Amino acid sequence: MDVLQRIREKVIAGDRGSTPDLVQRALTVGHDAHTIMDALVNGMDAVGEEWRVGNMFIPEVLTSAEAMHGGMDIIQPQLTASDTRLRGSVAIGTVQGDLHDIGKSLVSMMLQGAGFDVHDLGVNTSPEEFMEAVKTHEADIVAMSALLTTTLPYMRDTILVLEEAGLRDSVKVMVGGAPVTPEFADSIGADGYAPDGSTAVTKARELVGEPGQATRT
Amino acid sequence: MRQTLGIDTGGTYTDSVLLDPSSGEVQAKSKALTTPADLSVGIGLSIAGLEGLNPESIGLVSLSTTLATNAVVEGHGGLVALLLIGYDRSILELDPWDKRMPVETTSYIRGGHDVKGEEVCPLDIEAAREVILASRAQVEAFAVSGYFSVMNPDHERVARDLISELTDLPIVCGHQLSSKLNAVRRASTAVLNARLLPLIKRLLDAVKEVLREAGIGAPLMLVNGDGSLVSERAARKRPAETVLSGPAASAIGAQFLAGLDDAIVVDIGGTTTDIAILEDGQLWTNPSGARVGGWETHVSAADLRTIGLGGDSHVRVEHGHELRVGPQRAIPLCRLGAEYPAIVRDLEAAALAGMGRGGAHSTDYLVLAGPAADLPLSAAEQAILRALSAGPRLIWVLARSPDVGSASPDRLEALGAVRRAGLTPTDLLWTPSAGLGGSRAAARAGAQVVAKQLGISESELARRVFQHAIGRIAREIIDKLVEDSTGASLFPAPKAWDCLLQQALRPGDSLAIDCQLQVRMPIVAVGAPAPSLLPQVAERLGTKCIIPDHAEVGGAVGAAVGGVTHTVDVFVQPHVLGAGTATYLIHSPEAREEVRSFDRAVRRAEEIATHLARRAAYRSGAEGVSVHVSRRRLDLGTLSEVTIRAVASGKPRLATS
């Protein structure tokens, strides 16, 4: 099997040990860093799809993501910022008062896998921290996660804080999490809602204006 | 019988009508030239021209004015110090906003609130005091905007009190102007109001004096940008709301005169052309605030497209060959020549002698306008004023004087001390039948100068200028219709698409495609130059053009038929204090209150909104006020947010006989 094909398989299998080695080998035999990155991202896209249809579970997705990142670390020195063909910049976090990490981290990794420049602000992120991150990283998208009904008001607060800062028109807001519905997203003035990580990638691509992506709310 | 006197003080003409409010009949109309140096003169002349005017029978004087719009479009205004409380510099520096703000000083003061209206850090009163003391001598007004002041106006209020303690200057605070978020727009809106304060004061003082002399004692009201009326007292405090007053009044007047509820109203004045859309008899309004002359503001106004193009737009040649029309205005040469016949020979000599002398300023004169305010002027500025005391001078001739040299007259123009005259479409449209006099010789001589610069005939010059205006208006109408419905403008479109649009608007041979646009609504055109331009615009857009009776005084009619409305929004939001406990915050334009239960908060917010709207409508000079209250509720999990909107409306109070 082609080394690139094997890299893809190792990412899907979540093989954190051998993925970096394979990437190193691919470099040695003369593949360029871009081709290798495509293989890694391609594997992660497949994982996202498997997870979306219910064939994989979150722990497996997370190990796949780690495998992908292990490979990325090897080729990173050879990729300059412009080479990475980033799709856009995302500031992502779980809202204030909410310590749920897994769903947000999953979306974060899948967005990275899809080529977004992701700034993960962690959990318990205040509206002001989201706003500062948008400013600092000139983010194209703010992605907020909330798993508690009681923390939903902070999503609204974050949007209000972005409005007051005059940043609301220059950034897209997407929201997700168990208590969040498309209607809720719409009512608080968000631009997009995604029920899961894979849809989040599709939605994010759509929000940064990539043509040819399916519209799914 | 009570009559309403409607007056429209435009950049060029001052129109007035006498209207019977019960029948809607226009009983008399009159038109005079606006006199920018002292507006009262033109208003007086316009009123004096009304046949059968009986001062005793006037029950209401209602005024619409393009003064504020023109000032913004042309960048005129008073000198302002801006105090920003709790603003983050980095937000303002994301775009060149800070640089663009037309203020004398911008100061960042520590303080400000958060999204819940909690103090982020105490107001730095000492710093504020220093800034006020340092800037008070250089400015005519202060503008104050605090971060999240719509959630808590305390810091703006403290700053306001401090300013009034240290100065007698007028103060504009952000929280009084808007209950919308966006600190940048709020600051722009405050600055805009502050800059307009001296201008509106001058206008209203002049009008009241003229009315007094004419024996008219009726209350005076102004038309706001959404077409509603306000008392002159209210307008003095929030002059920016009269931005777009002229075109809003024109749209309302056009609707009234044409008897149409769905139309595109195009009002061509001297300085600007304004496009408004009427649907079901209502003006389209922009929910996030009006954009005027490139300024994003929170001013609630009819959603108008304002183009810096009108009868008095400045026609000039740039880079030796590019014909430009507007957006700056100039006193038409025919009008300058009527007052100063000597300029005719001056221009004729220029046309004969020098091809393109003076470049883009080949026909530009400077003329003394008003008294220079008590402000320090540079030596060169003083030299300019001295030279002009003997009469208008060509700018490029003036620049050869050693004391003036390359000094710019921009500041003198901005201060209103001097005005610019030059070739305009009005000169090219000059006909004896236009009726308002003027020197034909001066208009022709100016046209010769510019035609020679371009190496074309005078008639070709006129044709190009009109084609330019017609094409521009047609494109702006199309773009407005597209942008209003989709949020996307045609103007940044790729070149190929632009060529196609061009072909549709003005068929030529360059493309092997014939395309045709068909706009569904008719165009109703008002304003003096409308008959010369709008029928051709309508033809290009595949629709018809209606120019109703009394169209030339459409704004004055709109002023006379308006009503009073005032809208107040009160915002109620939850405040999560900890696990399972929350209170509700009520944010009104007056204060922030905290209550325990949602239901009580909503009831209280409705009380506040109703009271404030009713009071504002009353202060705006309304009677028979009724208030309509609506709620917009947002469920946020177990908690809710609600915006209460109270709209108070009534009729203007008439003088009792």
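Because the structure is a prediction, the values reported are computed rather than measured.

(A) How the structure looks around the overall build of chain B. If you tally the helices and strands in chain B, you get 21 helices and 29 strands. For 657 residues, the compact-globule formula gives about 26 Å, and the C-alpha radius of gyration of chain B, at 26 Å, lands near that figure. Of all 657 residues assigned to chain B, the portion counted as buried reaches 52%. Long-range pairs, those at least 24 residues apart, make up 69% of the contacts in chain B with a sequence separation of at least 6.

(B) Examining the environment of B:Ser378 more closely. Within the secondary structure, B:Ser378 is located in the loop between strand S20 (365-368) and helix H12 (379-388). Separated by 144 residues in the primary sequence, B:Ser378 and B:Ala234 have C-alpha atoms spaced 37 Å apart.

(C) The arrangement of the confidence of the model for chain B in detail. Residues with a pLDDT of 70 or more make up 95% of chain B, whose mean pLDDT is 87. Model confidence for the complex: the whole-complex pTM is 0.74, and ipTM, which rates the interface, is 0.75.

(D) Quick peek at the sheet that holds strand S10 (residues 229-231) of chain B. Residues and elements named next belong to chain B. Read from one edge to the other, the open sheet built from six strands follows the order S3-S2-S1-S4-S9-S10, with strand pairing classed as mixed. Sheet topology places strand S3 (25-33) and S10 at the edges, where each strand pairs with a single neighbour. Strand-to-strand twist in this sheet, taken as the mean axis angle between neighbours without regard to direction, amounts to 25 degrees. Pairing analysis gives three bridges linking strand S9 (residues 220-223) to S10, with the strands arranged antiparallel.

(E) Broad picture of the domain arrangement of chain B. All names here are of chain B. Taken as a whole, chain B is organised into domain 1 (1-260 + 549-562) and domain 2 (564-652). A C-alpha centroid distance of 25 Å is found between domain 1 and domain 2. Each partner contributes to the interface: domain 1 provides 16 residues, whereas domain 2 provides 13 residues. Sorting elements by how many residues they give to the side of domain 1 that touches domain 2 places S10 first, with three residues. When the residues that make up the side of domain 1 that touches domain 2 are grouped by side-chain class, the tally is eight nonpolar, seven polar and one charged.

(F) Representation of unusual backbone geometry in the model. Here the bond from B:Gly326 into B:Pro327 is cis, since omega is -5 degrees, no more than 30 degrees from zero. Position of B:Pro327 relative to the elements: it lies in strand S18 (residues 322-329). Residues other than glycine seldom take positive phi values, yet A:Glu138 does so here, at roughly 45 degrees. Relative to the helices and strands, A:Glu138 is located in the loop between helix H6 (127-137) and strand S3 (141-145).

(G) A look at the interface of chain A and chain B. Between chain A and chain B, the residue contacts involve 17 residues of the former and 18 residues of the latter. Secondary structure elements with two or more residues in the side of chain A that touches chain B: H6 and helix H7 (152-164) of chain A. If one sorts the elements of the side of chain A that touches chain B by residue count, H7(A) sits on top with eight residues. Here the side of chain A that touches chain B is composed, by residue class, of eight nonpolar, four polar and five charged.

(H) Structural context of the domain arrangement of chain A. Residues and elements named next belong to chain A. Here the domain parsing of chain A yields domain 1 (3-83) and domain 2 (86-207). Of the residues lining the interface, 12 residues belong to domain 1; the matching set on domain 2 comes to 11 residues. Looking at the side of domain 1 that touches domain 2, the elements that each hand over two or more residues are helix H3 (33-52) and helix H4 (58-75). If one sorts the elements of the side of domain 1 that touches domain 2 by residue count, H3 sits on top with seven residues.

(I) How the structure looks around H4(A). Residues and elements named next belong to chain A. An ideal rise of 1.5 Å per residue puts 26 Å on 18 residues; H4 measures up with 26 Å between its terminal C-alpha atoms. Restricting attention to buried positions, one finds in H4 the residues Val-61, Ser-64, Ala-65, Ala-67, Met-68, Gly-70, Gly-71, Met-72 and Ile-75. For H4, the secondary structure elements touched by its buried residues are helix H1 (3-13), helix H2 (18-28), H3 and helix H5 (102-113).

(J) Seen up close, H6(A). Residue and element names in this part refer to chain A. Looking at H6, one finds that the buried residues are Pro-127, Phe-130, Met-131, Ala-133 and Val-134. In an axial view of H6, the angular spread of the buried residues amounts to 160 degrees, which keeps them on one side of the axis. Next to the buried residues of H6 lie strand S1 (89-94), strand S2 (117-120), S3 and H7. Following H6 by one or two positions, Glu-138 adopts a phi angle in the positive range, close to 45 degrees.

Cut-off values and rules
Residues numbered from 1 in each chain as written. Chains lettered and ligands numbered in written order. Predicted model: local features only at pLDDT ≥ 70, side-chain atom pairs only at ≥ 80, totals over all residues. Helix = DSSP H or I, 4+ residues; strand = E, 2+ residues; numbered from the N terminus. Rg over C-alpha atoms; globule rule 2.2 N^0.38 Å. Buried ≥ 20, exposed ≤ 12 C-beta atoms within 10 Å, placed from the backbone. Contact = placed C-beta atoms within 7 Å. pLDDT = per-residue confidence, 0-100. Pairing = 2+ DSSP bridges. Axes fitted to C-alpha atoms, helices over the stretch in contact; angles between N-to-C directions. Domains from an automatic or database assignment. Nonpolar A, V, L, I, M, F, W, Y, C, P; charged D, E, K, R; others polar. Expected span 1.5 Å × (residues − 1). Arc of directions from axis to C-beta.

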